[in-house]
Amino acid sequence: MHTPRSTVEAATRAVVEALSKLKPPPTVRVTDVEGGVACLVLVWDAKRAMPTVRWRSPGGRAGCKADVVAVVAAAGRSLTRKEVLRVLKAAGKRHGPGTVAKALADLTAAGELVNPRDRRGYRLPAWRKDSTPSLF
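Residues numbered from 1 in each chain as written. Predicted model: local features only at pLDDT ≥ 70, side-chain atom pairs only at ≥ 80, totals over all residues. Heavy atoms only, no water.

Draft legend 1. Here's a closer look at the overall build of the protein. If you tally the helices and strands in the protein, you get four helices and two strands. A total of 136 residues make up the protein; the buried ones form 20% of that total. In the protein, 41% of the contacts between residues at least 6 apart in sequence involve partners at least 24 apart. Of the roughly 10,600 Å² that the protein leaves accessible, carbon and sulfur atoms contribute 58%. (Helix = DSSP H or I, 4+ residues; strand = E, 2+ residues; numbered from the N terminus. Buried < 20%, exposed > 50% of the residue type's maximum accessible area, 1.4 Å probe, protein only. Contact = heavy atoms within 4.5 Å. Areas by Shrake-Rupley, 256 points an atom, 1.4 Å probe, with all protein chains shown as cover.)

And the structure:
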């Protein structure tokens with residue numbers, strides 16, 4: 001009886017046997033989709049560390065940066081990193097926490113956002129500082 005696992009194991013064995021004859025061993029990444037099934041095959045030299053597979057959303061970090069600026073602008077107030085993540089997730093954007101953190105850092109370094117370390121979060125540089133009066 002063929003199970004999904006036994007089918008994948010047999011195909012994997014055939015790939016490894018065929019490619020093991022090549023010198024030097026190849027590093028290859030191949031994907032395919034059929035119906036509702038997707039497959040990723042990753043082959044590498046067994047003497048080396050396994051290459052990492054990275055998911056990148058369309059547009060990469062540039063798309064994330066644009067989404068972050070749009071979220072902050074639409075909020076009309078400072079947003080913390082966690083608030084930015086929540087709003088992006090609610091909007092159906094698939095940017096990971098690390099990508100958002102890097103986008104916020106890039107946007108701050110470029111002056112497109114400011115984070116005055118007042119614990120209120122990121123805001124557009126054109127906005128005046130929140131007008132909460134200081135007690136001191």
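Draft legend 2. Region of interest: the pairing of strand 1 (residues 28-34). Along strand 1, only zero of the seven residues are buried, which leaves the element largely exposed. Between the antiparallel neighbours strand 1 and strand 2 (residues 37-43) lie two residues, among them Gly35 with a positive phi of about 60°. (Pairing = 2+ DSSP bridges.)

Draft legend 3. Summary view of the confidence of the model for the protein. Taken residue by residue, the protein gives an average pLDDT of 87. The fraction at 70 or more is 88%. Across the protein, the element-wise mean pLDDT spans from 89 in strand 1 up to 95 in helix 3 (residues 81-90). (pLDDT = per-residue confidence, 0-100.)

Draft legend 4. Quick peek at the side chain of His95. One can find His95 in the loop between helix 3 and helix 4 (97-109). On the basis of relative accessible area, His95 is assigned to the buried category, the value being 14%.

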